[in-house]
Amino acid sequence: MAIQPRLIVTGREADGTSVFVTDEPGQPVIVGAIPGSEFYLLWGTEDGTATVGTEPRQPRLVPFFPGAGGTRILFLRWAPESSAPEQLGDPDQLAAEADEKLPGLMEVFEPDSPGMHTTDSVDYGICLEGELHLELDNGKEIKLTPGACVVQQGTRHAWHNRSDKPALMCYVLVGAERTS
């Protein structure tokens, strides 16, 4: 049975008592520019220094990639490349749809190298289901299976599902400043 993403958020009452604020299933975001994939945007923090306290917090889900000090956590279900639906529609309209639903995501992808992208973030990627290949710009690849955790440090890369089953990854993105 496939994992169903779920978000549980805690908070504090004015008197400091801990409470559950949210317990709900994740809702998939689907964009035609990346057919067959499901994005579950769960939570994020503002750029800068994260804070905690008794004031209610709202998730910062966009832009897709956080700025320095900001965070995002999401699940991403990758369709197998062998059975992913074709990208259908006008490329400009597909890009506009992706920009509306997942602002900032498509901007990092290289038009001449499908799937390759670079972000100004430290990303923790944990394979939860299936298998996914991580390709670096030198063409080397490594296969991730459930339990594998990759720390992506702002390097140029692409993801590929070369299996015949969907793969589910959990990504924690931490916005960073690029020094070189």
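Residues numbered from 1 in each chain as written. Predicted model: local features only at pLDDT ≥ 70, side-chain atom pairs only at ≥ 80, totals over all residues. Heavy atoms only, no water.

Caption draft 1: Geometry of the overall build of the protein. Counting its regular elements, the protein contains 1 helix and 10 strands. If you list the helices and strands of the protein from N to C, you get β-β-β-β-α-β-β-β-β-β-β. Taking 180 residues into account, the globule formula puts the C-alpha radius of gyration at 16 Å, and the protein, at 17 Å, falls close to it. Along the three orthogonal principal directions, the C-alpha set of the protein runs to about 55 × 45 × 35 Å. Classification of the 180 residues of the protein by burial places 34% in the buried group. A separation threshold of at least 6 residues defines the contact pool for the protein, and within that pool the share at least 24 residues apart is 62%. For the protein, the accessible area works out to roughly 10,600 Å², and carbon and sulfur atoms hold 54% of it. Seen as two clouds, the 13 positive and the 27 negative side-chain charges of the protein have centres 6 Å apart. (Helix = DSSP H or I, 4+ residues; strand = E, 2+ residues; numbered from the N terminus. Rg over C-alpha atoms; globule rule 2.2 N^0.38 Å. Buried < 20%, exposed > 50% of the residue type's maximum accessible area, 1.4 Å probe, protein only. Contact = heavy atoms within 4.5 Å. Areas by Shrake-Rupley, 256 points an atom, 1.4 Å probe, with all protein chains shown as cover. Lys, Arg positive; Asp, Glu negative; His and termini not counted. Charge placed at Lys NZ, Arg CZ, Asp CG, Glu CD.)

Caption draft 2: Molecular detail of the layout of surface pockets. Roughly 1,000 Å³ of volume is contained in the largest pocket. Among the elements of the structure, strand S4 (71-78), helix H1 (91-101), strand S5 (121-129), strand S8 (149-153), strand S9 (157-160) and strand S10 (167-175) are those that each provide at least two residues to the lining of the largest pocket. Considered as a void within the structure, the second largest pocket measures approximately 660 Å³ in volume. Lining the second largest pocket are 26 residues, with Thr10, Trp43, Thr51, Glu55 and Arg57 positioned closest to its centre. (1 Å grid on protein atoms, 1.4 Å probe; cavity = no way out; pocket = protein on both sides within 12 Å on 5 of 7 lines; lining within 4 Å. Points joined across faces, edges and corners; volume = space filled by probe spheres on them.)

Caption draft 3: The arrangement of the side chain of glutamate 129 in detail. Residue placement: glutamate 129 occurs in strand S5. Here glutamate 129 falls in the buried class, since its relative accessible area comes to 16%. Among the polar contacts listed, one links the side chain of glutamate 129 to the backbone nitrogen of isoleucine 3, at a separation of 2.5 Å. When residues no more than four places from it in sequence are discounted, the contact partners of glutamate 129 are Met1, Ala2, Ile3, Arg77, Pro146, Pro166, Ala167 and Leu168. (Polar contact = N/O pair within 3.5 Å; in protein donor to acceptor, adjacent residues only side chain to side chain.)

Caption draft 4: Representation of the pattern of salt bridges. One pass over the structure, following the stated rule, counts 10 salt bridges. The salt bridge involving glutamate 38 is made with arginine 77; its shortest N-O contact spans 3.3 Å. With a gap of 39 residues between them, glutamate 38 in strand S3 (residues 38-45) and arginine 77 in strand S4 connect regions that are remote in the sequence. Of the residues examined, glutamate 38 reaches a relative accessible area of 23% and is grouped as partly exposed. (Salt bridge = Lys/Arg side-chain N within 4 Å of Asp/Glu carboxyl O.)

Caption draft 5: The arrangement of the nonpolar core in detail. In this structure, Phe39, Phe64, Trp78, Trp159, Met169 and Tyr171 are the most contacted members of the largest nonpolar core, which totals 24 residues. Elements that contribute at least two residues to this core include exactly S4, H1, strand S6 (132-136) and S10. With 4 residues, the top contributor of residues to this core is S10. Formed by 7 residues, the second largest nonpolar core is a distinct cluster that contains Val9, Tyr40, Leu42 and Cys170. (Core = buried A, V, L, I, M, F, W, Y, C linked by side-chain atoms within 4.5 Å.)

Caption draft 6: Seen up close, the pairing of S8. Only one face of S8 is covered, namely the face carrying Val150 and Gln152; the face carrying Cys149, Val151 and Gln153 is uncovered. As paired elements, S5 and S8 share 5 bridges and run antiparallel to each other. Counted as the bridge partner of valine 122 is glutamine 153 from S8. (Pairing = 2+ DSSP bridges.)

Shape descriptors only; they carry no functional weight alone.
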